[in-house]
Protein chains: 2
Amino acid sequence: MTTDSRSAPTAPSSLPRPLLTERQEARRRRILQATTRLATRGGFDAVQMREVAESSNVALGTLYRYFPSKIHLLVATMQDQLQQLHETLRKRPLTDEDPAARVAQTLMRAFRAMQREPHLADAMVRALTFADRSVSSEVDTVSRLTTAIILDAMGPAGASGPPTPEQLSAVRVIEHTWHSALITWLSGRASIAQVKIDIETVCRLIDLTNPNSPR
Amino acid sequence: MTTDSRSAPTAPSSLPRPLLTERQEARRRRILQATTRLATRGGFDAVQMREVAESSNVALGTLYRYFPSKIHLLVATMQDQLQQLHETLRKRPLTDEDPAARVAQTLMRAFRAMQREPHLADAMVRALTFADRSVSSEVDTVSRLTTAIILDAMGPAGASGPPTPEQLSAVRVIEHTWHSALITWLSGRASIAQVKIDIETVCRLIDLTNPNSPR
DNA sequence: CGCTAATCTAGAACAAGTTTCAGACTGAGT
DNA sequence: ACTCAGTCTGAAACTTGTTCTAGATTAGCG
């Protein structure tokens with residue numbers, strides 16, 4: 001069984017994934033690449049397990065051994081993409097004074113990345129929110145990654161100590177808003193501008209939990 | 001055949017649903033009832049189209065004529081339930097001074113209703129967030145209903161004029177948080193207490209947009 | 001009443017996610 | 001190199017959402 005639990009890898013690379021041989025790691029990579037490719041083309045529906053298997057030169061059964069369901073597969077893909085995003089963001093940190101502004105800008109960067117590949121975004125986000133309990137640990141990993149990105153934006157480098165519980169609540173709410181706003185955008189019920197407003201609105205909560213300059 | 005000839009629900013005005021004969025209205029009702037029953041038992045997965053059809057004495061093809069997909073069916077169910085909730089809430093309005101507190105309390109009432117039937121909640125919420133563009137108008141209806149409930153809680157009776165754009169943004173963010181927090185709860189990644197905190201946290205945005213007492 | 005179009009029914013058929021199975025392959029220990 | 005357990009493959013089977021078809025029913029309407 002894949003009882004896969006570990007702590008977040010603070011250092012870049014070196015993810016403590018249960019020991020895989022080189023060929024297995026390569027298979028896993030191929031699968032994720034094929035998934036990304038198919039998702040980029042046609043979104044959630046275009047990621048068909050048979051096609052992913054064929055496209056990555058792996059038997060269907062093997063695909064299911066690596067990822068026990070389509071949802072698992074897409075959530076893993078999201079984890080992959082987020083990891084990349086996180087490193088990209090680390091490279092060019094924002095310099096704005098206001099933490100709230102930095103967070104909003106960071107999320108808008110991520111949002112622009114999604115706009116570049118809306119189908120891929122669709123596949124990943126739909127999988128993420130459709131996931132049931134059987135995927136909770138994987139979804140949780142994605143969630144922790146997202147939290148890390150937001151916290152990075154909030155308190156750059158060695159900021160003043162660990163975040164307060166209040167701040168963590170604010171971050172959770174920001175994450176909620178982020179996910180849900182994405183969904184409304186993906187399903188065509190909200191414009192890009194509206195998503196921007198929502199993000200900026202919710203980021204005001206950060207000011208609210210920052211004793212230094214509340215409003 | 002249950003030729004059930006009870007009087008029409010006291011609901012003020014049914015929406016302009018394209019003219020249906022009485023038998024058709026009855027069929028529609030049976031379908032929604034069966035759906036609710038099945039969803040209450042086992043959540044999203046337990047709502048199987050063949051079972052819904054059989055359970056409501058309707059052919060599978062007919063079911064699909066009434067609701068073009070499982071997602072449509074569940075979103076319609078949610079609309080139904082929300083409508084009921086809305087009326088229940090109207091009957092016993094909250095009296096708290098603070099608008100933010102009223103909204104938070106209202107959402108917690110709704111949340112408690114969901115806790116009573118977690119499977120049903122699962123089915124409806126999962127459908128709602130999984131819905132793609134083909135369901136957007138129906139999802140939008142649900143969204144408007146939710147907004148109405150929140151606005152009701154915010155400005156009871158004839159409050160001071162229509163809400164400002166800022167307030168509407170806050171409401172949208174609250175809705176985002178509400179949906180996403182529900183999902184994390186349903187998938188077992190957040191406790192009831194945490195959902196409560198998130199709701200209360202996001203509701204602070206209301207104070208922030210209320211010029212009278214911003215902290 | 002008798003006609004016509006729309007609707008409904010039963011059931012088969014199809015699509016894609018998931019499971020299963022027999023046999024081939026790999027790799028770690030001897 | 002030999003063997004055994006675990007892994008991978010190819011293919012079929014199973015499940016459930018969705019579509020399709022032919023014939024029965026129903027609702028209006030002259």
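The rules we used
Residues numbered from 1 in each chain as written. Chains lettered and ligands numbered in written order. Predicted model: local features only at pLDDT ≥ 70, side-chain atom pairs only at ≥ 80, totals over all residues. Heavy atoms only, no water. Near = heavy atom within 4 Å. Polar contact = N/O pair within 3.5 Å; in protein donor to acceptor, adjacent residues only side chain to side chain. Helix = DSSP H or I, 4+ residues; strand = E, 2+ residues; numbered from the N terminus. Nonpolar A, V, L, I, M, F, W, Y, C, P; charged D, E, K, R; others polar. pLDDT = per-residue confidence, 0-100. Contact = heavy atoms within 4.5 Å. Axes fitted to C-alpha atoms, helices over the stretch in contact; angles between N-to-C directions. Parallel < 35°, antiparallel > 145°, perpendicular 65-115°, else oblique. Salt bridge = Lys/Arg side-chain N within 4 Å of Asp/Glu carboxyl O. Least-squares fit on C-alpha atoms with pLDDT ≥ 70 in both. 1 Å grid on protein atoms, 1.4 Å probe; cavity = no way out; pocket = protein on both sides within 12 Å on 5 of 7 lines; lining within 4 Å. Points joined across faces, edges and corners; volume = space filled by probe spheres on them.

Draft legend 1. Focus on the protein's contact with DNA strand D. Taken together, the neighbourhood of DNA strand D is formed by 19 residues, with Arg27, Thr62, Arg65 and Tyr66 of chain A together with Arg50 of chain B sitting nearest. Thr62 of chain A is positioned such that a nitrogen or oxygen atom in its side chain is 2.7 Å from a phosphate oxygen of DNA strand D. In this structure, a phosphate oxygen belonging to DNA strand D sits 3.3 Å away from a main-chain N or O atom of Val47 of chain B. If you list the elements that add at least two residues to the surface near DNA strand D, you get helix H1 (22-46) and helix H3 (60-66) of chain A together with helix H2 (49-55) and helix H3 (60-66) of chain B. It is H3 of chain A that provides the largest number of residues to the surface near DNA strand D, a total of 3 residues. Here the surface near DNA strand D is composed, by residue class, of 7 nonpolar, 6 polar and 6 charged.

Draft legend 2. Seen up close, the confidence of the model for chain A. Residues and elements named next belong to chain A. Chain-level statistics for chain A give a pLDDT mean of 89 and a share of 87% at 70 or above. Highest mean pLDDT in chain A belongs to helix H6 (residues 118-130) (98); lowest belongs to helix H9 (residues 192-209) (94). Across residues 1-15, where pLDDT falls below 50, the model places 10 contacts with residues more than four positions away in sequence or in other chains.

Draft legend 3. Quick peek at the packing of H9 of chain A against helix H9 (residues 192-209) of chain B. The N-to-C vectors of H9 of chain A and H9 of chain B enclose an angle of 90°; their axes lie 9 Å apart at closest approach. Taken together, the axes of H9 of chain A and H9 of chain B lie roughly perpendicular to each other. Contacts from Thr201, Val202, Arg204, Leu205, Leu208 and Thr209 of chain A of H9 of chain A reach H9 of chain B at Thr201, Val202, Arg204, Leu205, Leu208 and Thr209 of chain B. In the contact of H9 of chain A with H9 of chain B, the residues fall into 6 nonpolar, 4 polar and 2 charged.

Draft legend 4. How the structure looks around the interface of chain B and chain A. Taken together, the contact pairs 37 residues of chain B with 36 residues of chain A. Counting across the interface, chain B meets chain A through 6 salt bridges. Here Arg204 of chain B and Glu166 of chain A are joined by a salt bridge, their closest N and O atoms 2.6 Å apart. Scanning the region where chain B abuts chain A turns up 12 residue pairs in polar contact (both at pLDDT 80 or more). Elements with a contribution of two residues or more to the side of chain B that touches chain A: helix H6 (118-130), helix H7 (136-154), helix H8 (165-186) and H9 of chain B. Considering every element that reaches the side of chain B that touches chain A, the biggest residue donor is H8 of chain B, with 13 residues. In the side of chain B that touches chain A, the residues fall into 14 nonpolar, 13 polar and 10 charged.

Draft legend 5. Expanded view of the relation of the copies chain B and chain A. Superposition record for chain B on chain A: RMSD 0.0 Å, screw rotation 180°, translation along axis 0.0 Å. A rotation of that kind, with that shift, is consistent with a two-fold axis. Residue Thr177 of chain B of chain B places its C-alpha closer to the rotation axis than any other residue of that unit, at 2.7 Å. Here 97% of the interface residues in chain B have copies in chain A that are interface residues too; the copies meet face to matching face.

Draft legend 6. Looking closely at empty space enclosed by the protein. Per the counting criterion, the structure on display carries 1 cavity of 30 Å³ or more. A volume near 30 Å³ is recorded for the largest cavity. Across the lining of the largest cavity, the residue classes tally to 3 nonpolar, 2 polar and 1 charged.

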